Structures are given as structure tokens and as C-alpha cells.
Amino acid sequence: MSTSLVLNPGQMTLAALRAIWQSPAPLALPVAAQAVMETAAATVQRIVEKGDAAYGINTGFGKLAKTRIPDEQLELLQRNLILSHSVGTGEAMSDATVRLVLVMKAVSLARGYSGVRPVVVHTIMALLNAGITPLIPIKGSVGASGDLAPLSHMTLALIGEGDVRVNGTVIPAHQALKAARIEPLTLAAKEGLALINGTQVSTALALHGLFMAERLLEAGTVTGALSVDAAKGSDAPFDPRIHAARGQPGQIALAAVTRALLEGSAIRRSHLDNDERVQDPYSLRCQPQVMGACRDLISQAARTLLIEANAVTDNPLVFTDTGDVLSGGNFHAEPVAFAADTLALAIAEIGAIAERRIALLIDSSLSGLPPFLVDNPGLNSGFMIAHVTAAALASENKSLAHPASVDSLPTSANQEDHVSMATFAGRRLAEMADNTGTILAIEWLAAAQGVDFLKPLATSPRLERAHVILRERVPFYDRDRLFAPDIEAAKSLVLSGALSGSHQDMLASLWT
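A short tour of the structure in this document, coming up.

Conventions we followed
- Residues numbered from 1 in each chain as written.
- Predicted model: local features only at pLDDT ≥ 70, side-chain atom pairs only at ≥ 80, totals over all residues.
- Heavy atoms only, no water.
- Helix = DSSP H or I, 4+ residues; strand = E, 2+ residues; numbered from the N terminus.
- Rg over C-alpha atoms; globule rule 2.2 N^0.38 Å.
- Areas by Shrake-Rupley, 256 points an atom, 1.4 Å probe, with all protein chains shown as cover.
- Lys, Arg positive; Asp, Glu negative; His and termini not counted.
- Charge placed at Lys NZ, Arg CZ, Asp CG, Glu CD.
- Pairing = 2+ DSSP bridges.
- Axes fitted to C-alpha atoms, helices over the stretch in contact; angles between N-to-C directions.
- Parallel < 35°, antiparallel > 145°, perpendicular 65-115°, else oblique.
- Left-handed = near helix turned anticlockwise from the far one by under 90°.
- Contact = heavy atoms within 4.5 Å.
- Buried < 20%, exposed > 50% of the residue type's maximum accessible area, 1.4 Å probe, protein only.
- Nonpolar A, V, L, I, M, F, W, Y, C, P; charged D, E, K, R; others polar.
- Polar contact = N/O pair within 3.5 Å; in protein donor to acceptor, adjacent residues only side chain to side chain.
- Salt bridge = Lys/Arg side-chain N within 4 Å of Asp/Glu carboxyl O.

Moving on to the overall build of the protein. A tally of regular secondary structure across the protein gives 22 helices and nine strands. Here the C-alpha radius of gyration of the protein, 26 Å, is about what a compact globule of 512 residues would show, namely 24 Å. On the principal axes, the C-alpha backbone points of the protein span a range of 90 × 50 × 50 Å. Accessible surface computed for the protein: about 20800 Å², of which carbon and sulfur atoms make up 55%. Put simply, the protein has 40 plus and 49 minus side-chain charges, and the middle of one group is 2 Å from the middle of the other.

Now the structure itself:
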């Protein structure tokens, strides 16, 4: 039997979140979390019994906060909250992203500041361990007052309403709960609000973008090095002395990895002497400066998102040491929006510089390779239009990279008058990652084609590994053929992490 991964509230690691994102696994909470939640729930119950008005416990919500709700209607209040706020639209979020949502909601509530009973968190954990994924529409949140609409759709599953996905099949939630022997929740005072207040959806979408950005940076480092060799570029720009003189950590790390990838190349040895070119184009020699800066942005975003993944972001919060229930604004997802916007810049630039290297490789006057990387050009168009696809996607990413965080539309009759747009900021990262993954796939194909044209000279042993992985799926492009399947095959290897995974022993140093 598999050992459960214990989710320690407030102490989740990126490694654990990445593992949960990659595949389902048995999950558990530490025993100590039970008492913490019981104490917080008892504090809420004392407020109800005392009869004092407290936001979210016995009042309406948002602009209706001044409306006092009778005690006998508190359960109905919470149920109505979930039903009325389940107004999401668009396609359903992926199972991987929803797993992150559920996990982060569980560990946030388990910290004991939200005032929910332990049964609420246990029900979330039961869904995770039964492989029941709430169907959450991806659109409908502005990233403030929490991700209200999407988290309401998540909560529907807990109370036996709405739809869920089990083993890829969409079924009614009540049917899935019954099959898994999970009792639907009847929400007590404050519990509905605690479940739907919070930044977990925005953060999950941004974490997906983060994990994909890491893969893309690693893959782009490999394809970029292969392009250097295919174009008979110099390895001098990766000399450590250059990068130490500037001192940027990502640049230093990127240069070191690129040097290691190129080490032992017979292609490089063949043009060390009497090479008439003085300097390579920027897309080759400035890879450490560009990709290293992307690495630093990704690392910065990772720090912010890890803090947010461990945070308590609902409202109001219960402080059991004093019995205070304080209203604040931890649900405002501005840190997540900024992190997602930062990731968008990095993802766009990884694709942008790769597109320029593709353009270089197909231009025989720059690369010294056959025009458009094909024999008998004219009869064959080769990589001509594959580059057009890369250019189209790089241009599209420029528009998608526009910061979402600078936008705001007031909601709730101007009570919620400044919002973060973090949910869109995180959501668009998936599309951008797909675009950049396609660009890197095309570069990989082009660089491998270039290296093949330089035979019998061989690239470095490490880059040959990347060449072999590709050629196991895609043969040499000897004449025009249906090209789209080649690109899709290479893209799947990039996005799945197969390319970067084959060099993980070296690429891991990018993040240390």
C-alpha cells in the first residue's frame, strides 16, 4: 500500500505541490491539525450562541453585511451562498489544477484560522483520496473577495451538488459521493464563506504556469545549446568570467549549464580556428543574459506562490487565543497576480528568443546550412512555414503577456472596489506555455536537422542524447512531408518534461 503524503498546514513545499500536480497520490493531514480546527470551530459556535453580529457567521455577505440572519437560518444561509455564487463559465479546469485547489484549501482551513469543523477538511481530503474531482468552470473570478465562483463550484461537490469527474467521466456529485461512501456536508455557520473565500484557484492556476515555465526554461536551455552547435556558433560567450563580471545569478547558472551541454562537441572543435565570424547573433550568444533573467523571474514567482500556497486567505479570520473574529482582506490576490504576470513575461521571452534562433537556422546566409533546412530547396519548402507558426505563436504571446494585474473592475455595488484579476493572470499562462512549447518543439526539430547536415561531425555527448530522443519519434526531414505530426510529437516531449527530464542531473543546477 502506498505511503500517504502528509500535508503539513503552513509547511507545504514546492516539491510536494509539484508531485500532487503531476499525479494523484494518497494524502493525509497530521493528527495535531484536528485539535486546532476543533478549537477554532468552538470559537465560532460561542459567537453564534452569544448572539453578537459577526460578518460571515450570522450576517449577509458583501454589500449585505449589515443584514442580520436568525440562528435557525444559518445553515440555509451557507447553502444559499454556495448555490448563488456557483456562476462560473467556460471549460472545466484540469484535474491536476483542481487537485492543487483542493489541497491548498484543505491545508489553509486546517491551520485553524477559519473556524470550520474538522469534518469540512476531512471531506475535502476524502474527495482527493477517492479521485473525485469537482467540475470547476475556469472563468468567472476577478481574484478578490476570493475566487468566489470557482470555489463555489468546488464546494458544490462537498455538499453533493453539481458535477464531478471520476476517472475522466463526468457524473453527478451525489452519485460519486455515494459510491465512495462519503457523506455530503451540511455547512454550519461560516463554513460556506470559509470555503469560497481565498486565493486557491488563482494560486493553483499560477502554480500550473510556474511548473510549466520551469519545464520550458529547461527545454529551451537544451534546444538553445543544440542551435548553437547546429549554427556552428561559438562557446566563448558562455565563459564563466563574462558572467561573474556581471553577477546575475540566473545568468551565471544558465551559462554554466550551456557550457556543460556543449562540452565535447566535435562540431565546435571543427571551427575553433580560422572562423571568419567575430560574434554570433544575440539569439545565440545572449542566451545566458535572456534565459538567465527568465530563470530569476521564475524563481521569484516561485517564492511568492509557495507563501500563498501555505497562506490563510479567507475572511473573516478567527483568533482562538483571544476569541476575536477580524475582518480583513487576505482574499485579495494581488501577490498572485504579480507572480503570474512575471511568469507570463518569462514564458513569452523563452519562446521569443527561440523563435529568433529558428529564423537564424533556416537562413543559409547566417547559419551556413541549406536554405530552410532541406535538400533540394525550391522543390521542397522545408522549415519555411514551420517558422511562420513559431512566429505566429511568439507574437500571440506578446499580447497574452500584457499584465493582468493593472486591470480592475469594481464589483458588489462598489463594496469590492479594487480587484486583482489574478485568476485570469494565472489562467492565461497555460495557453502561453502551450505556445512556447510549440516554438521550442520547432526549434528542436530545426536544430536537430542542422546537426544532421553537419555529419560526420558530431555534437556533444549530452546534446546527442537530446538528438536521439527526438529521432526516436521524428525521422530526418529529407523531403517535404506532412509536418504537423512531427511538431506535435516534439511538442509532447517538451511539455511532458521528457526533454528536460533526460538532462535533469544537469538542469537541476539551474534552480540551486
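The sheet built from three strands is open, its strands ordered 4-6-7 with antiparallel pairing. Unpaired on one side and paired on the other, strand 4 (132-134) and strand 7 (169-172) mark the two borders of the sheet. Strand-to-strand twist of the sheet, defined as the mean angle between neighbouring strand axes without regard to direction, takes the value 40°. As defined by bridge partners, strand 6 (residues 163-166) adjoins strand 7 across four bridges and the pair is classed as antiparallel.

Turning to the packing of helix 1 (residues 14-22) against helix 4 (residues 95-109), a few remarks are in order. Relative to each other, helix 1 and helix 4 sit at 135°, their axes nearing to 8 Å. With respect to each other, helix 1 and helix 4 are oriented oblique. Seen from above, helix 1 lies across helix 4 with right-handed handedness. Of helix 4, the residues touching helix 1 (which contributes Leu-17, Ile-20, Trp-21 and Gln-22) are Ala-96, Arg-99, Leu-100, Val-103 and Met-104.

Before going further, it helps to examine helix 6 (residues 148-158). Counting buried positions along helix 6 gives eleven out of eleven residues, so the element sits mostly inside the fold. All buried positions along helix 6 are accounted for by Leu-148, Ala-149, Pro-150, Leu-151, Ser-152, His-153, Met-154, Thr-155, Leu-156, Ala-157 and Leu-158.

This part takes up the packing of helix 11 (residues 249-262) against helix 14 (residues 287-309). Taken N-terminus to C-terminus, the directions of helix 11 and helix 14 make an angle of 120°; their axes are 7 Å apart at the nearest point. With respect to helix 14, the element helix 11 is oriented oblique. Of the two elements, helix 11 crosses helix 14, and the hand of that crossing is right-handed. Side by side, helix 11 and helix 14 meet where Pro-249, Gly-250, Gln-251, Leu-254 and Ala-255 of the first sit next to Gln-287, Pro-288, Gln-289, Met-291, Gly-292, Arg-295 and Asp-296 of the second. Of the residues that constitute the contact of helix 11 with helix 14, the class distribution is five nonpolar, five polar and two charged.

The next point concerns the side chain of Asp-280. Note on placement: Asp-280 falls in the loop between helix 12 (266-270) and helix 13 (282-285). A residue is classified by how much of its surface remains accessible, and Asp-280, at 8% relative accessible area, is buried. Only 2.7 Å separates the side chain of Asp-280 from the backbone nitrogen of Ser-234, close enough to count as a polar contact. Contacts of Asp-280, omitting those with residues within four sequence positions, involve Gly-233, Ser-234 and Arg-285.

On to unusual backbone geometry. Across the junction of Asn-315 and Pro-316, the peptide omega takes the value -5°, indicating a cis bond. Tracing the chain through its elements places Pro-316 in the loop between helix 14 and strand 8 (317-319). Each neighbour pair has its own omega, and for Lys-455 with Pro-456 the value is 15°, a cis peptide bond. With respect to the secondary-structure elements, Pro-456 resides in the loop between helix 18 (422-453) and helix 19 (461-471). Look at Ser-145: it is not a glycine, yet its phi comes out positive at around 60°. Residue Met-421 is not a glycine yet carries a positive backbone phi of 60°. The class of Met-421 is buried, set by a relative accessible area of 16%.

Here we come to the side chain of Thr-203. Checked against the element boundaries, Thr-203 lands in helix 9 (residues 200-230). Take Thr-203: its relative accessible area is 1%, and that puts it in the buried class.

By the bridge criterion, three bridges tie strand 4 to strand 6 in an arrangement that is antiparallel. Its bridge partner lying in strand 6, Pro-134 is registered against Val-164. Linking two consecutive strands that pair antiparallel, namely strand 6 and strand 7, is a turn of two residues; a positive phi of about 55° is found at Asn-167 within it.

So, about the pattern of salt bridges. Where side chains of opposite charge bring their charged atoms close, a pairing between them can arise. Applying the stated rule across the entire model yields 17 salt bridges. For Asp-434, the salt bridge goes to Lys-491, with nearest N and O atoms at 3.0 Å. Residue Asp-434 is found in helix 18, and its partner Lys-491 is found in helix 20 (residues 484-495); the two are separated by 57 residues along the sequence. Each of the salt bridges in this network shares a partner with another, and the network as a whole consists of Asp-452, Lys-455 and Arg-471.

Everything listed here is a matter of coordinates, which is why it stays silent on function.
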